[in-house]
Amino acid sequence: MISLAEYTAEVGYGHRKRLAQFFTPPAIARFMVGWVLGGARSDRIHDPAFGLGAFLDCAPADCAFTGMEIDDRVVDFFIRHSRRRPESLACGDYLLDFGRRHANIVCNPPYLRFQKFLNRDAVFAAFCERLGIRLSGYTNIASAFLVKSVSELENGGRLAYILPSEFLNSGYGELVKDWLSKDGHLDSIIEVECENEAFGEVTTSVCIVLYDSARRIDEVAFRKISSLAEIDGVMDIPPLRSVPLSCLDVSGKWGVYFVAAGDRVQPAMRHLCPLSEYGRFSRGIATGANGFFVLSRSGMRRNGLSAQSCVPCITRSQQLAGLTFTDEDFAALAEADKGVFLFSPGEDPDEPSRRYIRQGEEKGYNKGFITRHRSPWYKTEERAVAPILLNVFSRSGYKVVRNYSSALSLTNFHCFYPHRLRDAYVDWLFLYLHSGVGRKLLSLSKRRYGNALDKFEPNDLNDALVPTRAFFDSLGQDVLTELMDAVISGKDPSLRLDEAFAPLVADAEAGDVVPAPVKYPFRRREPEQMRLAIEKRKGYDSRKAGTAKKVRRGE
Ligand SMILES: C[S@@+](CC[C@H](N)C(=O)[O-])C[C@H]1O[C@@H](n2cnc3c(N)ncnc32)[C@H](O)[C@@H]1O
């Protein structure tokens, strides 16, 4: 048995992390190999991301096992420590190796987000040229592995993949879902809800994809395991949901299929529309060097910085404790010497600011990834104040705050900027986002990351379902005033809100049900960098936002 601790001691954790070497637990490897060989016509298996051979370890002795691995150090360690040998083990980059077909494939591909996909351009060009596949810029390595493997599977073969489940709910995943479902061979997707138990070192949610090219499959089974012990029997119990292939829409969010029937929330579509009809969420300001840009009042004083060179800014999620945030709350944080000022010296920095910038350069703050791509490096994005802030990561439900202050926010909050003629609905939207009904309906749009950590990207929020104007209008101005008065006086009107918003959840019996999953109202394919560049060129929409205030400099 190969020791992970010895391997980590030899190569270092940094090396493992760089190559995403997080190995498959034996129970899952056994299940995947067993399923592949259970119905396959051949006893040959290929593992395109071999690592320390977790799948080979579980394969029967007579299985003709082949592998590929990019890292010669892991291969070298494997050869020195394992008694078992695959039939062949090639050293190379699977994503750039073309022209082979495989009888069966099992794989735990590297989990690296698209930003870490270093040879992305070469891989994307090769996919285009060799497979005729145009990957979206957001595609992570694991999804690229999966698409390639499906294209290389021989007729009659089986494929089992364990990979991050993000593709099920995100725009780039459309192509992946298309490849999986278009020929009618997708058997099951199993959500591994116990990702902590399975991959303690990784913070991501994972699923197992089972694909059987020997069979025509009319209904895809969505299954879930909550502990590793459940993996052995997972195929013996009825799935959470069997979805006819004809109903599987690749542009929808498939995550909804893992919710048991009783817990499923059914949006009453006649009262709902995408949030983007009212405005849009953008991520907060990314400074690229909070150590330089975030200052407390005493820090400003120490550096001789004037009130004109700094703007109020929420820099940590904990700084917003209640449902509302006012200038008085901000003043209390400033008084307590919290880091709530953003260095923002403008076009023509004064002398103390120039001195502070020089100090920053001496400390290398201008050489960070974000700062070195900005000109000048110390000029952060210009933003208006957002009237609603929603925190990015949450373990026990997101936090949403009605911002009445003049403070901006860093990336720990997403910032809502209403369209010019929609600012009258800001309070309603805030109340809806805070309500239990709103949280349930928003959960249809969220991505689930590991460790029960929920994460919304701004575009998940922009696509989320919110009440139509007609619905809000029907509730009446008096109700709005009463609810906001309660919020402002420190009361939480949750019960009242759930009553008001109850009609937004459909009565399944009455047939007012949208066929899950919820679709993306808009397609967004451009990579983050491109989006940011476009935003920068156009100037933020947020500047036009009606209720958005211009930021007051200084204290
Ligand atoms: C998540 S580990 C899985 C290893 C092993 N199959 C298992 O299940 O435990 C992914 C492996 O893929 C390797 N890898 C990363 N990028 C690769 C590439 N482009 N081509 C082939 N292997 C790659 C990593 O070095 C790592 O060993």
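Calculation criteria
Numbering of residues starts from 1 in each chain and follows the order in which that chain's sequence is written. Note on the predicted model: pLDDT of at least 70 is required for a residue's local features to be given, and 80 or more for side-chain atom pairs to be given and counted; whole-chain, interface and lining totals, by contrast, use all residues. Secondary structure counts use DSSP, requiring at least four H or I residues in a row for a helix and at least two E residues in a row for a strand, with both numbered from the N terminus. For every residue pair, C-beta atoms are placed from the backbone, and the pair is scored as a contact if these atoms sit within 7 Å. Two strands pair under a simple rule: DSSP has to find at least two bridges between them. All residues are tested the same way: a C-beta atom is placed from the backbone, and lying within 6 Å of a molecule or strand makes the residue near it. Under this grouping Gly is polar, as are all residues other than the nonpolar Ala, Val, Leu, Ile, Met, Phe, Trp, Tyr, Cys and Pro and the charged Asp, Glu, Lys and Arg. In this analysis, axes come from line fits to C-alpha atoms, helices being fitted only over the stretch in contact, and the angle between any two N-to-C directions falls in the range 0 to 180 degrees. Orientation labels follow simple angle bins: below 35 degrees gives roughly parallel, above 145 gives roughly antiparallel, 65 to 115 gives roughly perpendicular, and whatever is left gives oblique. Left-handed is the label given to a crossing in which the near helix is rotated counterclockwise from the far helix by less than a right angle, and right-handed is the label when the rotation is clockwise. Multiplying 1.5 Å by the helix residue count minus one yields the expected span of that helix. Defined on buried residues, the nonpolar core groups Ala, Val, Leu, Ile, Met, Phe, Trp, Tyr and Cys residues joined through C-beta atoms within 7 Å. Using C-beta atoms placed from the backbone, we call a residue buried if 20 or more other C-beta atoms fall within 10 Å of its own, exposed if 12 or fewer do, and partly exposed for counts in between. Reported domain spans reflect what an automatic or database domain assignment gives. A residue's pLDDT is the confidence the predictor assigns to it, expressed on a 0 to 100 scale.

1. Description of the overall build of the chain
Item 1. When helices and strands are tallied, the chain shows 21 helices and 23 strands.
Item 2. In the chain, once contacts between residues fewer than 6 apart in sequence are set aside, the share between residues at least 24 apart is 77%.

2. Details of the sheet that holds strand β11 (residues 279-283)
Item 1. The five strands are arranged β11-β20-β16-β18-β14 in an open sheet whose pairing can be described as mixed. In this open sheet, the two strands that pair with only one neighbour each are β11 and β14 (324-325).
Item 2. Pairing geometry for strand β16 (residues 388-391) and strand β20 (residues 413-418), over four bridges, is antiparallel. Bridge assignment links L390 to a residue of β20, and that residue is H414.

3. A look at the site of the ligand
Item 1. F23, A49, G51, A54 and N108 are the nearest of the 23 residues found near the ligand.
Item 2. For the shell around the ligand, the secondary structure elements donating two or more residues are α4 (54-58) and β2 (64-69).
Item 3. Across the shell around the ligand, the residue classes break down as 15 nonpolar, four polar and four charged.

4. Considering the packing of helix α7 (residues 141-152) against helix α8 (residues 173-181)
Item 1. Close contact between α7 and α8 brings their axes to 10 Å; oriented N to C, the two are set at 25°. Comparing their axes, α8 and α7 come out roughly parallel. The element α7 and its partner α8 pack so that their crossing is left-handed. Of the residues in α8, those in contact with S143, L146, V147 and V150 of α7 are G173, L175, V176, W179 and L180.

5. Quick word on the sheet that holds strand β12 (residues 294-295)
Item 1. Ordered in space as β12-β15-β13-β19, the four strands form an open sheet in which the pairing is mixed. What marks the edges here is a single partner per strand, and that holds for β12 and β19 (408-409).

6. So, helix α6 (residues 120-131)
Item 1. Between its first and last C-alpha, α6 extends 15 Å over twelve residues, near the 16 Å set by a 1.5 Å rise per residue.
Item 2. Of the residues one or two after α6, G132 is the one with positive phi, at around 70°.

7. Here's the deal with the nonpolar core
Across soluble globular proteins, you tend to see nonpolar side chains buried next to one another.
Item 1. M32, V33, I208, V209 and L429 are the most contacted members of the largest nonpolar core, which has 143 residues in total.
Item 2. Per-element tally for this core: the top contributor is helix α3 (residues 26-39), with eight residues.
Item 3. Split by domain, this core shows at least three residues from each of two domains, domain 1 (4-263) and domain 2 (274-544).
Item 4. Not counting the four nearest positions on each side in its chain, I208 is found in contact with M32, A160, Y161, I162, I190 and V192.

8. A closer look at the confidence of the model for the chain
Item 1. On average, residues of the chain score 86 in pLDDT, and 85% of them are at 70 or above.
Item 2. Averaged pLDDT values for the elements of the chain fall to 42 in helix α21 (residues 528-538) and rise to 98 in strand β4 (residues 105-107).

9. Quick word on the environment of G279
Item 1. Here G279 is to be found in strand β11.
Item 2. Taking the C-alpha atoms as reference points, G279 and R420, 141 residues apart in sequence, are found 8.3 Å from one another.

10. Focus on unusual backbone geometry
Item 1. Here the bond from S375 into P376 is cis, since omega is -10°, no more than 30 degrees from zero.
Item 2. Tracing the backbone shows P376 in the loop between α14 (369-372) and β16.
Item 3. Positive phi, normally seen in glycine, also occurs at D337, with a value near 60°.
Item 4. Topologically, D337 is positioned in the loop between α12 (327-335) and β15 (341-343).
Item 5. A tally of 12 C-beta atoms within 10 Å means that D337 is categorised as exposed.

11. Remarks on the pairing of β20
Item 1. The buried fraction of β20 is high, at six of six residues.
Item 2. Because side chains alternate across β20, one face comprises the buried residues F413, C415 and Y417, and the other comprises H414, F416 and P418, equally buried.
Item 3. With five bridges connecting them, β11 and β20 associate as antiparallel partners. Across the sheet, the residue bridging to G279 is P418, located in β20.

12. Regarding the environment of Y138
Item 1. By the secondary structure assignment, Y138 is in the loop between α6 and α7.
Item 2. Note: C-alpha distance between Y138 and S170 (32 residues apart in sequence) is 9.2 Å.

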